[in-house]
Amino acid sequence: MTDLATFSTASTVAVTLAIAIGVIGPAQAMGRAISQALEALARQPEAERSIMRTLFIGLAMIESLAIYVLVIVLIVLFRNPLLEYLLK
């Protein structure tokens, strides 16, 4: 295998691990948020609108973390500064 092929393979593996690890946190946070919202709805059904509004805002913020991970991983994968070094 050439240096370029080895580097490309290693980059792909690293990116795959990074996206997998980077999404674990937001996924756990979403699960906890939904669980707590359902518990709050069971205790106070009359506060449904307030709870749901807060839940959806929180879920959007949590989801943005996963999107940031994806963007950074794609930048590293497709615009890797070390790749230029190997091509020289």
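Positions within a chain are numbered from 1, following the residues in the order the chain's sequence is written. The model is predicted, so local features are restricted to residues of pLDDT at least 70 and side-chain atom pairs to those at 80 or more, both for listing and for counting; the totals for chains, interfaces and linings are taken over all residues. Where side-chain values are given, they derive from all heavy atoms of the structure, hydrogens and water being excluded.

**As for the overall build of the protein chain**
Right, on to step 1. The numbering of helices and of strands both runs from the N terminus, where a helix is a DSSP run of H or I of at least 4 residues and a strand a run of E of at least 2. When helices and strands are counted, the protein chain shows three helices and zero strands.
Right, on to step 2. N-terminal to C-terminal, the α/β element order of the protein chain is α-α-α.
Right, on to step 3. With the C-alpha coordinates of the protein chain rotated into their principal frame, the extents come out at 65 × 15 × 10 Å.
Right, on to step 4. Only heavy atoms enter the contact rule, under which two residues are in contact if any of them lie within 4.5 Å. The long-range share in the protein chain, meaning contacts at least 24 apart out of those at least 6 apart in sequence, stands at 74%.
Right, on to step 5. As presented, the protein chain carries roughly 6800 Å² of accessible surface, and 70% of it is formed by carbon and sulfur atoms.
Right, on to step 6. His residues and chain termini do not enter the charge count, which takes Lys and Arg as positive and Asp and Glu as negative. Where a charge lies is defined by one atom per residue type: Lys uses NZ, Arg uses CZ, Asp uses CG and Glu uses CD. Positive and negative charge centroids in the protein chain, built from 6 and 6 side chains respectively, lie 5 Å apart. Here the accessible surface of atoms and residues is derived via Shrake-Rupley with a 1.4 Å probe, and residues count as covered only by protein chains that are part of the display.

**Quick look at the packing of helix H1 (residues 3–43) against helix H2 (residues 48–78)**
Right, on to step 1. The geometry of H1 relative to H2 is characterised by a closest axis approach of 9 Å and an angle of 175° between their N-to-C directions. Between H1 and H2, the interaxial angle falls into the category roughly antiparallel.
Right, on to step 2. The classification used treats Ala, Val, Leu, Ile, Met, Phe, Trp, Tyr, Cys and Pro as nonpolar, Asp, Glu, Lys and Arg as charged, and all other residues, Gly among them, as polar. Residues of the contact of H1 with H2, tallied by class, amount to 22 nonpolar, three polar and two charged. Lines fitted to the C-alpha atoms define the axes, with helices restricted to the stretch that makes contact. Angles between their N-to-C directions range from 0 to 180 degrees. For this classification, under 35 degrees means roughly parallel, over 145 means roughly antiparallel, 65 to 115 means roughly perpendicular, and everything else is oblique.

**Description of the nonpolar core**
Generally speaking, a soluble globular protein has its nonpolar side chains buried in company with each other.
Right, on to step 1. Core analysis: the largest hydrophobic core is formed by five residues, namely Ala37, Leu41, Ile51, Leu55 and Leu59.
Right, on to step 2. Ranked by the residues each element gives to this core, the list is headed by H2, at three residues. Definition of nonpolar core: a set of buried residues of the types Ala, Val, Leu, Ile, Met, Phe, Trp, Tyr and Cys, connected through side-chain atoms within 4.5 Å. Accessible area is worked out with a 1.4 Å probe on protein chains only. A residue is then buried under 20% of its type maximum, exposed over 50%, and partly exposed in between.

**Description of a nonpolar patch on the surface**
Right, on to step 1. The grouping of Val13, Leu17, Ile21 and Ile24 at the surface amounts to a nonpolar patch, some 390 Å² of accessible area in total.
Right, on to step 2. On the secondary structure map, Ile21 appears in helix H1. For patch detection, residues must exceed 30% relative accessible area and be free of salt bridges, and they are connected within 9 Å for like charges or within 5 Å for nonpolar side chains (Val, Leu, Ile, Met, Phe, Trp, Tyr). Whenever Lys or Arg places a side-chain nitrogen within 4 Å of a carboxyl oxygen from Asp or Glu, that contact is recorded as a salt bridge.

**What about the pattern of salt bridges?**
Right, on to step 1. Using the criterion set out here, one finds one salt bridge in the structure.
Right, on to step 2. Its salt-bridge partner being Glu39, residue Arg43 comes within 3.0 Å of it at the nearest N-O pair. Note that Arg43 and Glu39 are positioned in helix H1 at a spacing of four residues, about one turn of the helix.
Right, on to step 3. The class of Arg43 is exposed, set by a relative accessible area of 65%.

**Examining the side chain of Ser11**
Right, on to step 1. In this structure, Ser11 sits in helix H1.
Right, on to step 2. Apart from the residues lying within four places of it in its own chain, the contact partners of Ser11 are Leu77 and Asn80.

**A closer look at H1**
Right, on to step 1. Between its first and last C-alpha, H1 extends 60 Å over 41 residues, near the 60 Å set by a 1.5 Å rise per residue.
Right, on to step 2. Considered for burial, the residues of H1 that qualify are Phe7, Ser11, Val15, Pro26, Ala37 and Leu41. A helix is expected to span 1.5 Å for every residue after the first.

**Considering H2**
Right, on to step 1. The terminal C-alpha atoms of H2 lie 44 Å apart, and with 31 residues this matches the ideal 45 Å at 1.5 Å per residue to within 8%.
Right, on to step 2. Of the residues making up H2, those classed as buried are Ile51, Leu55, Leu59, Ile62, Ala66 and Val73.

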